[in-house]
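A structural walkthrough
The chain contents come next:
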Amino acid sequence: MLEMVSAEKRGLTMTKFLKNFAADESGASAAEYALILAIVGTGIAAAAFALGGAIGDAMSDAVLCIESTDGTCT
């Protein structure tokens, strides 16, 4: 059965709900952790991309140095 509720009581209930909803911070920490994870992940990906080229170049130089027979490797 549906119960008839006065407009005044509904307004008070909605106001109380909105105040409680605005004050509730339980979901904020999950969103903050997700944001931190995204920032750290982006930083790691950028560092891996930048270091990947530098490491590849260093390995190529090492291979050329090992294969050189004229002693010009420094």
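The sections below set out a description of the structure shown in this document. Computed from a predicted model, the values in this text were never measured in an experiment. (Residues numbered from 1 in each chain as written. Predicted model: local features only at pLDDT ≥ 70, side-chain atom pairs only at ≥ 80, totals over all residues. Heavy atoms only, no water.)

Within the protein chain, the regular secondary structure consists of two helices and zero strands. Accessible surface, the protein chain as shown: approximately 6,900 Å² in total, 69% of it carbon and sulfur. (Helix = DSSP H or I, 4+ residues; strand = E, 2+ residues; numbered from the N terminus. Areas by Shrake-Rupley, 256 points an atom, 1.4 Å probe, with all protein chains shown as cover.)

Now for a nonpolar patch on the surface. Together, Met14, Phe17, Leu18 and Phe21 give the surface a local cluster of nonpolar side chains, amounting to about 450 Å² of exposed area. The residue phenylalanine 17 is located in helix 1 (residues 7–23) in this model. Taking relative accessible area as the criterion, phenylalanine 17 reaches 48% and is therefore assigned partly exposed. (Patch = residues over 30% accessible without salt bridge, like charges linked within 9 Å, V, L, I, M, F, W, Y side chains within 5 Å. Salt bridge = Lys/Arg side-chain N within 4 Å of Asp/Glu carboxyl O. Buried < 20%, exposed > 50% of the residue type's maximum accessible area, 1.4 Å probe, protein only.)

Don't take any of this as a statement about function, it's just geometry.
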